[in-house]
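If you want the building blocks of each chain, they are given just below.
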Amino acid sequence: MGTPRIEINLNKIAHNVRTIIKLYAAKGIAVAGITKGVCGNPTVAEVMVKNGITIIGDSRIENICRMSQAGVAAQFMLIRSPLISQLEAVIEHVHISLNSDWSVIKKLSAIALAHNTVHKIILMVEMGDLREGFMPRHIASMLPDLLKLEGIKLEGIGTNLACHSGIKPDVMKMDTLSDLATDLENQFDIKFNMISGGSSANHEWFNATNDTGRINHLRIGESIMLGLEPVGRIPIVNLYTDAFSFVAEVIESKVKPSLPYGDVGQDAFGHIPIFEDKGQMNRIILGLGRQDLSIEGLTPQLEIDILGASSDHTIIDAKQLEIKTGKELVFDMNYAALLSAMTSPYVIKCLSKYDERPRVLPNGRTERPEAKIAESQHSY
Ligand SMILES: *Cc1c(COP(=O)(O)O)cnc(C)c1O
């Protein structure tokens, strides 16, 4: 099969998509499926669409172009403010974009007009996480000019929390966004179609309230992929948390000392490492390194410890286990590991066969994917 590889169980993703859509629909919230965690993989996007997603969101125009060219039948949402250098592609391939900069919006309007098309936008509102968004008080003063722009249709407002500063999307934040939407609608005699309240991080808020106010849209990536809510990294009921796993191969296996010997300087990444003397140790090396993925995001499925990694080697304390060279080891992945593995050209992306009518195991037990198809060998 080849290593290092990421194994993607499409049936588990399909199950997660259906479950998430149903969960949020119960309180009137539609979900966009966010594909940036899988680097806009068109097969994963297609599985989302087959299971009820109508809007696919990604932060990169390159990913959206790739999905669009692969024929993924969805509306595409660009969830990062468009780069001025990419506006032509945005107008061409994106149906709706999240915006937080007035100069970008003006240029979007001009280019949409030149292309004889209308581009939908969501205005992002800063609510305390201090990443993207207009300060709320600035929106009302900007709207008269914005509403005059041709080629642009204001679909609604949105916000993003829990990304840069870890500020939670709680009841107070969401009520403030709802009130802002209603105030703006009344003040300017307009009607918003979409109030996009956030991401997977909104799960706790969603569970905590029955009154979701004006929020009728969320942009969900991590919950679909990893079955988690990202604020506390708590598994969501009835979701698979193991749709992705990572496989690497042993390239050296020896008993060696645990304490390095010689004069100590910096390691490959500029740190001065400190080690504990645990006597002789079953040490193995994997053909895997930082060029492949963010090693810290891996959790071994065996009782072993990751000691460290450089560009191309990962060193492991195999503890009581005797693991031979050539053996494949399987790891669980967090979001950072997923994102980096999907982005690395060295990692083989291995997708399970997608079963249109998957057998979902009622007890939450998981299956290993049966037929595996290597989608791509050396590129994403
Ligand atoms: C990444 C991102 C999302 C999706 O976040 P998840 O935690 O994966 O659900 C939503 N909105 C914006 C603006 C994002 O950047």
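Just above, that's the structure.
Residues numbered from 1 in each chain as written. Predicted model: local features only at pLDDT ≥ 70, side-chain atom pairs only at ≥ 80, totals over all residues. Heavy atoms only, no water.

Peer 1: Is there a simple way to think about the overall build of the protein in this case?
Peer 2: Per the secondary structure count, the protein includes 10 helices and 19 strands. Taking 2.2 N^0.38 as the reference for a compact globule, 380 residues should give roughly 21 Å; the C-alpha atoms of the protein span a radius of gyration of 23 Å, in line with that estimate. Counting only C-alpha atoms and orienting by the principal axes, one finds that the protein spans roughly 75 × 50 × 45 Å. Counting across all 380 residues of the protein, residues that qualify as buried make up 48%. Nonlocal contacts in the protein, meaning residues at least 24 apart in sequence, comprise 66% of its contacts between residues at least 6 apart. (Helix = DSSP H or I, 4+ residues; strand = E, 2+ residues; numbered from the N terminus. Rg over C-alpha atoms; globule rule 2.2 N^0.38 Å. Buried < 20%, exposed > 50% of the residue type's maximum accessible area, 1.4 Å probe, protein only. Contact = heavy atoms within 4.5 Å.)

Peer 1: Just to check I follow, could you spell out helix α6 (residues 136-148) for this structure?
Peer 2: An α-helical turn contains 3.6 residues, so a residue and the one three or four places further along point in the same direction. Where α6 bends most, at methionine 142, the angle is about 50 degrees, and the proline proline 144 comes one to four residues later. For α6, the full list of buried residues reads Ile139, Met142, Leu143 and Leu146. In this structure, the buried side of α6 is in contact with α5 (102-114), β6 (119-124), β7 (152-158) and α7 (171-188). (Bend = angle between axes of the 7 residues up to and from the residue.)

Peer 1: Before we go on, may I ask you to explain the packing of α6 against α7 in this structure?
Peer 2: Each pair of packed helices gets described by two things: the angle between the helix axes and the distance between those axes. Where α6 contacts α7, the two axes come as close as 11 Å, and the packing angle between them is 40 degrees. The hand of the α6/α7 crossing is right-handed. Packed against α6, whose contacting residues are Pro136, Ile139, Ala140, Leu143, Pro144 and Leu147, the element α7 presents Leu180, Leu184, Gln187 and Phe188 at the interface. Considered class by class, the residues forming the contact of α6 with α7 number nine nonpolar, one polar and no charged. (Axes fitted to C-alpha atoms, helices over the stretch in contact; angles between N-to-C directions. Left-handed = near helix turned anticlockwise from the far one by under 90°. Nonpolar A, V, L, I, M, F, W, Y, C, P; charged D, E, K, R; others polar.)

Peer 1: Honestly, the site of the ligand in this entry has me stumped. Any pointers?
Peer 2: Taken together, the neighbourhood of the ligand is formed by 13 residues, with Lys36, Ser200, Arg219, Gly221 and Glu222 sitting nearest. A distance of 3.1 Å separates an oxygen atom of the ligand from a polar side-chain atom of arginine 131. Glycine 221 is positioned such that a nitrogen or oxygen atom in its backbone is 2.8 Å from an oxygen atom of the ligand. Here the ligand, which alone exposes 380 Å², has 93% of that area covered by the protein. A majority-of-atoms criterion places the ligand in the largest pocket. By residue class, the composition of the shell around the ligand is four nonpolar, four polar and five charged. (Near = heavy atom within 4 Å. Polar contact = N/O pair within 3.5 Å; in protein donor to acceptor, adjacent residues only side chain to side chain. Areas by Shrake-Rupley, 256 points an atom, 1.4 Å probe, with all protein chains shown as cover. 1 Å grid on protein atoms, 1.4 Å probe; cavity = no way out; pocket = protein on both sides within 12 Å on 5 of 7 lines; lining within 4 Å. Sits in = over half its atoms within 2 Å of the grid points.)

Peer 1: When you look at the side chain of aspartate 292 in this model, what are you seeing that I'm missing?
Peer 2: Mapped onto the secondary structure, aspartate 292 falls in the loop between β13 (280-286) and β14 (298-300). Although aspartate 292 is buried, it forms no salt bridge, and the closest oppositely charged side chain is lysine 349 at an N-O distance of 8.8 Å. Polar contacts involving the side chain of aspartate 292 include one to the main-chain amide nitrogen of glycine 289, which spans 2.8 Å. Sequence-distant contacts of aspartate 292, defined by excluding residues within four places in its chain, comprise Pro4, Ser340, Ala341, Ser344, Tyr346 and Val347. (Lys, Arg positive; Asp, Glu negative; His and termini not counted. Salt bridge = Lys/Arg side-chain N within 4 Å of Asp/Glu carboxyl O.)

Peer 1: Help me understand empty space enclosed by the protein in this model?
Peer 2: A water-sized probe, rolled over the atoms, reveals where empty space remains. Under the criterion given, the structure shown has one cavity of 30 Å³ or more. Lining the largest cavity are Ser59, Arg60, Ile61, Leu78, Arg80, Ser81, Pro82, Leu83 and Gln86. Its residues placed into classes, the lining of the largest cavity shows four nonpolar, three polar and two charged. (Points joined across faces, edges and corners; volume = space filled by probe spheres on them.)

Peer 1: So what exactly am I meant to see when it comes to the layout of surface pockets here?
Peer 2: Its boundaries defined by the atoms lining it, the largest pocket holds a volume of some 830 Å³. Contributing elements (two or more residues each) for the lining of the largest pocket: α3 (61-69), β9 (217-220) and α10 (335-343). Within the lining of the largest pocket, the residues separate by chemical class into 17 nonpolar, nine polar and nine charged. Here the second largest pocket is characterised by a volume of approximately 560 Å³. Where the lining of the second largest pocket is concerned, the elements lending two or more residues are β12 (244-257), β13 and β15 (305-309). Among the residues making up the lining of the second largest pocket, the classes are represented as 13 nonpolar, four polar and six charged.

Peer 1: Looking at this structure, I do not really get the packing of helix α1 (residues 10-25) against helix α2 (residues 42-50). What am I missing?
Peer 2: Viewed as axis vectors pointing N to C, α1 and α2 meet at an angle of 40 degrees, and their least axial separation amounts to 9 Å. Between α1 and α2, the angle is such that the two are oblique. Considering the relative orientation of α1 and α2, their crossing is right-handed. Contact residues: Leu10, Ile13, Ala14 and Val17 in α1; Thr43, Val44, Val47 and Met48 in α2. (Parallel < 35°, antiparallel > 145°, perpendicular 65-115°, else oblique.)

Peer 1: Teacher, can you tell me more about the nonpolar core here?
Peer 2: Nonpolar side chains in soluble globular proteins tend to end up buried together. Grouped together as the largest cluster of nonpolar side chains are 94 residues, with contacts concentrated most on Ile6, Leu123, Ile157, Phe244 and Phe246. Setting aside its immediate chain neighbours within four residues, isoleucine 157 contacts Ile122, Leu123, Val125, Leu177, Leu180, Ala181, Leu184, Phe192, Met194, Ile195 and Ser196. Ala32, Ile34, Ile55 and Ile122 belong to the second largest nonpolar core, which has 10 residues in total. (Core = buried A, V, L, I, M, F, W, Y, C linked by side-chain atoms within 4.5 Å.)

Peer 1: What's the story with the packing of aromatic side chains in this structure? I'm lost.
Peer 2: The description of two aromatic rings rests on the distance between their centres and on the angle between their planes. Applying the stated criterion across every chain yields a total of one aromatic pair. Over the face of the ring belonging to phenylalanine 269 we find arginine 290, whose NZ or CZ atom lies 5.3 Å from the ring centre. (Phe/Tyr/Trp six-rings, centres within 6.5 Å; stacked < 30°, edge-to-face > 60°. Lys NZ or Arg CZ within 6 Å of the ring centre and 35° of its normal.)

Peer 1: Sorry if this is basic, but what is going on with a negative patch on the surface here?
Peer 2: Together, Asp170, Asp175, Asp179, Asp183 and Asp211 line one region of the surface with negative charge. Tracing the sequence through the fold places aspartate 170 in the loop between β7 and α7. (Patch = residues over 30% accessible without salt bridge, like charges linked within 9 Å, V, L, I, M, F, W, Y side chains within 5 Å. Charge placed at Lys NZ, Arg CZ, Asp CG, Glu CD.)

Peer 1: Just checking my understanding: could you explain unusual backbone geometry for this structure?
Peer 2: Most peptide bonds are trans, and most residues other than glycine sit at a negative phi. The omega torsion of the bond from threonine 3 to proline 4 falls at -10 degrees, within 30 degrees of zero and hence cis. Assignment of secondary structure puts proline 4 in the segment before β1 (5-8). Of note in the backbone geometry, arginine 233 takes a positive phi value of approximately 50 degrees without being a glycine. As for its placement among the helices and strands, arginine 233 is situated in the loop between β10 (228-229) and β11 (234-235). The class for arginine 233 is partly exposed, based on a relative accessible area of 44%.

Any functional reading would require information that these geometric values do not contain.
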